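# Structural characterization, general
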Amino acid sequence: MAALAAFPEGKILLAGGYDKGMSFADLGQAIVDQAKAVVLLGQTAPVIEAAIAAAQGTAPPVLMAASLDDAVRHAQRLAADGDVV
């Protein structure tokens, strides 16, 4: 959430990892409010995707990645000049 708040418009977030049993509700709302798109990977990808779907507002595009390399390739395709990944 700090990374989303740190930059102006055009944010593409790579998120995910191991499930440590924490809530992703606040992150889901921050993504809806601030991200242009999100690429999810790892064990928590479906949990974060559900948090985005449950947030209020219009969700940005959500892509799933099989690996970090895959996530970076997705982000490259989504990014435009001036965007931050």
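Preceding this paragraph is the structure being described.
Owing to the predicted nature of the structure, the values given are computational and were not obtained by experimental measurement.

## Thoughts on the environment of Leu13
For Leu13, the location among the structural elements is in strand 1 (residues 12-16). Residues Leu13 and Val85 lie 72 residues apart in sequence; the distance between their C-alpha atoms is 5.9 Å. Apart from residues no more than four positions distant in its own chain, Leu13 is found in contact with Leu4, Leu27, Ile31, Ala37, Val38 and Val39.

## Some words on the pairing of strand 2 (residues 37-41)
Among the 5 residues that make up strand 2, 5 are buried, leaving the element largely enclosed by the rest of the structure. Burial along strand 2 is two-sided: the residues Ala37, Val39 and Leu41 and Val38 and Leu40 are all buried. Note: strand 1 against strand 2, 5 bridges, orientation parallel. Paired with Ala15 across the two strands is Leu40, which belongs to strand 2. Between strand 1 and its parallel partner strand 2, the chain crosses via helix 2 (residues 25-34), and the hand of that crossover is right-handed. With 3 bridges joining them, strand 2 and strand 3 (residues 62-64) adopt parallel strand pairing. When the sheet's bridge partners are listed, Val39 is paired in strand 3 with Leu63.

## Focus on the sheet that holds strand 2
Spatially, the 3 strands line up as an open sheet ordered 1-2-3, and their pairing is parallel. Strands at the two margins of the open sheet, each flanked by one partner only, are strand 1 and strand 3. For this sheet the average axis-to-axis angle between neighbouring strands, irrespective of direction, equals 25 degrees.

## Overview of the environment of Gln76
One can find Gln76 in helix 4 (residues 68-78). A C-alpha to C-alpha distance of 29 Å links Gln76 and Met22, two positions 54 residues apart in sequence.

## Things to note about the layout of surface pockets
Rolling a probe over the atoms, with the probe sized like a water molecule, indicates the empty space that remains. By volume, the largest pocket amounts to about 270 Å³. Lining the largest pocket are 16 residues; nearest its centre among them are Ala15, Met22, Phe24, Leu27 and Ile48. Within the residue set of the lining of the largest pocket, elements represented by two or more residues are helix 1 (2-6), strand 1 and helix 2. Examining the composition of the lining of the largest pocket, we find that 3 residues originate from one element, strand 1, more than from any other. Its residues assigned to classes, the lining of the largest pocket comprises 10 nonpolar, 4 polar and 2 charged.

What counts and what doesn't
Residues numbered from 1 in each chain as written. Predicted model: local features only at pLDDT ≥ 70, side-chain atom pairs only at ≥ 80, totals over all residues. Heavy atoms only, no water. Helix = DSSP H or I, 4+ residues; strand = E, 2+ residues; numbered from the N terminus. Contact = heavy atoms within 4.5 Å. Buried < 20%, exposed > 50% of the residue type's maximum accessible area, 1.4 Å probe, protein only. Pairing = 2+ DSSP bridges. Right-handed = clockwise from strand over helix to strand, strands pointing away. Axes fitted to C-alpha atoms, helices over the stretch in contact; angles between N-to-C directions. 1 Å grid on protein atoms, 1.4 Å probe; cavity = no way out; pocket = protein on both sides within 12 Å on 5 of 7 lines; lining within 4 Å. Points joined across faces, edges and corners; volume = space filled by probe spheres on them. Nonpolar A, V, L, I, M, F, W, Y, C, P; charged D, E, K, R; others polar.

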